[in-house]
Amino acid sequence: MLRHRLILLFFFGITTFSGCQAQEYGKQFLTLEKEIALQNVQGRIDHIDVNVKDQVAFVAALGNNTLEVVDLKSGKVTGSIKGLDEPQGVAYIVRHDELFVANGGTGECGFYNALTLKKTGSIKFNDDADDVRYDVDADRIYVGYGSGGIAIIDAASHKQVGDITLPAHPESFQFDVSANKLWVNLPGAGMIGAVDLKLLKLSARWSKLFPRANFPMAYDKDQHRIIVGYRVPAILVVYDSETGKELFSAPMVGDVDDLYWDRSTRQIFVSGGGGAVNIFRQSGDTSYTRIANVTTRGGARTSLVVPEPGLFLIAARAAGDQPAALLVYKISR
């Protein structure tokens, strides 16, 4: 028991050190262009999506029970959907110019006209509707929910067309429809699950005692790699998506909540509540080098990479005299 506690203390020590003590460097790779104040937003902020064509971001303000609409060009908040219940996941449904918002409190997922913000439909799950992905080619929405499920929804009809049963609540997940596969972080079960999308069933379980608390995930389709961020300790791990074999690991910023693989720069972007963004650049077949540790704001852990026009968005919650804000960075290429 004592040995187990010492191991936990050691891991928490790594988490604290990696998130708070590293010096800032590599600012040339990420330039802050603007800081857009979210004046009326209080509490935790969750996921972000974007209408690339019109340069409009949608921010799930979980603690504020609103969805904030932000014009990236003018740097202003242009609208808000109020009366939500812990909004967590959001997706811009480009084929229908709609928004899909997942509420963690009630489990309800609402559809909204992206221009008028009027509600156009809804679908209800037991509770804790969370992370969302949109497959534009198939026009289907995937949403994680409850104590173990991912629902598949037809975006045109707003109807559920499939369901994947899981052993724990799903956090971040990624899919490759061409390979009929989906990978999902299941921190409550201490594992990553691989799902057969034809059978809608788990086909593999990659379990680990440590590290723990695997929340964000990214997918490198070209090299068949799953990239996962752990909180305990704060470690980035790259896996072979076919076999689950670990290919690379390295310490990173603490309290990680989002990470992305940017194909054009061959870089991994990691945002953490520890108050920094880490950038890892692929330097070999299975090796990655951390080239940047850019200071942001404490608690600013949710983010989004927008490949075109090369932006990195970070949501920062209100703290002290600082209002909540959407930080807009330009990625150097």
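Shown above is the structure to which this text applies.
What counts and how
Residues numbered from 1 in each chain as written. Predicted model: local features only at pLDDT ≥ 70, side-chain atom pairs only at ≥ 80, totals over all residues. Heavy atoms only, no water. Pairing = 2+ DSSP bridges. Helix = DSSP H or I, 4+ residues; strand = E, 2+ residues; numbered from the N terminus. Axes fitted to C-alpha atoms, helices over the stretch in contact; angles between N-to-C directions. Buried < 20%, exposed > 50% of the residue type's maximum accessible area, 1.4 Å probe, protein only. Core = buried A, V, L, I, M, F, W, Y, C linked by side-chain atoms within 4.5 Å. Contact = heavy atoms within 4.5 Å. Phe/Tyr/Trp six-rings, centres within 6.5 Å; stacked < 30°, edge-to-face > 60°. Lys NZ or Arg CZ within 6 Å of the ring centre and 35° of its normal.

A. Up close: the sheet that holds strand β17 (residues 201-207). Spatial ordering of the open sheet is given by β14-β15-β16-β17, a layout of 4 strands whose pairing is antiparallel. Edge positions in the sheet fall to β14 (173-176) and β17, since each of these pairs with one other strand and no more. Sheet twist, expressed as the mean angle between neighbouring strand axes with direction ignored, is 20°. Here strand β16 (residues 191-196) pairs with β17 via 6 bridges, running antiparallel. Of the residues in β17, the one forming a bridge with V195 is L202.

B. Region of interest: unusual backbone geometry. Looking along the chain, the bond that leaves F210 and enters P211 is cis, with omega of -5°. Tracing the backbone through its elements, the reader meets P211 in the loop between β17 and β18 (212-220). Along the chain, V232 connects to P233 via a cis peptide bond; the corresponding omega equals -10°. Within the secondary structure, P233 sits in the loop between β19 (225-232) and β20 (235-240). You will see that D128, though not glycine, has its phi angle at about 50°, which is positive. Assignment of secondary structure puts D128 in the loop between β9 (119-124) and β10 (132-135). At H158, a residue that is not glycine, the phi angle is positive and equals roughly 65°. Topologically, H158 is positioned in the loop between β12 (149-154) and β13 (159-165). On the basis of relative accessible area, H158 is assigned to the buried category, the value being 14%.

C. Geometry of the nonpolar core. Membership of the largest hydrophobic core comes to 37 residues, with the highest contact counts inside it found for L30, L72, F312, L313 and L326. Elements with a contribution of two residues or more to this core: β1 (30-38), β2 (48-51), β3 (56-61), β24 (276-282), β25 (288-295), β26 (302-306), β27 (311-316) and β28 (324-331). The biggest single contributor to this core is β28, with 7 residues. When near neighbours in sequence (up to four residues on either side) are disregarded, L72 contacts K34, I36, V50, Q55, A57, L311, L313, L326 and V328.

D. Spotlight on the pairing of strand β4 (residues 66-71). The buried fraction of β4 amounts to 6 of the 6 residues, a majority that puts the element mostly inside the structure. Residues of β4 alternate between two faces, with T66, E68 and V70 on one and L67, V69 and D71 on the opposite face, all of them buried. Here β3 runs beside β4; their pairing, made up of 6 bridges, is antiparallel. Its bridge partner being in β4, F58 is matched across the sheet by V69. Count of turn residues in the β3/β4 antiparallel hairpin: 4 residues, of which N65 carries a positive phi of about 60°. Here 5 bridges tie β4 to strand β5 (residues 76-81), and the two strands are oriented antiparallel to one another. Within the sheet, the bridge partner assigned to V69 lies in β5 and is G79. Between β4 and the antiparallel strand that follows it, β5, lie 4 residues; G75 among them carries a positive phi value of about 75°.

E. Structural view of the packing of aromatic side chains. Applying the stated criterion across every chain, the model contains 9 aromatic pairs. Between F125 and Y145 the ring centres are 4.7 Å apart and the planes differ by 25°, which places this aromatic pair in the stacked class. With F125 in the loop between β9 and β10 and Y145 in strand β11 (residues 140-145), the pair connects residues that are 20 residues apart, well separated along the chain. Summarising the burial analysis for this pair, F125 and Y145 share the class buried. Taken together, F248, W261 and Y288 form an aromatic cluster joined through their ring pairs. Residue placement shows R133 over the ring face of F173; its charged tip is 5.4 Å from the ring centre.

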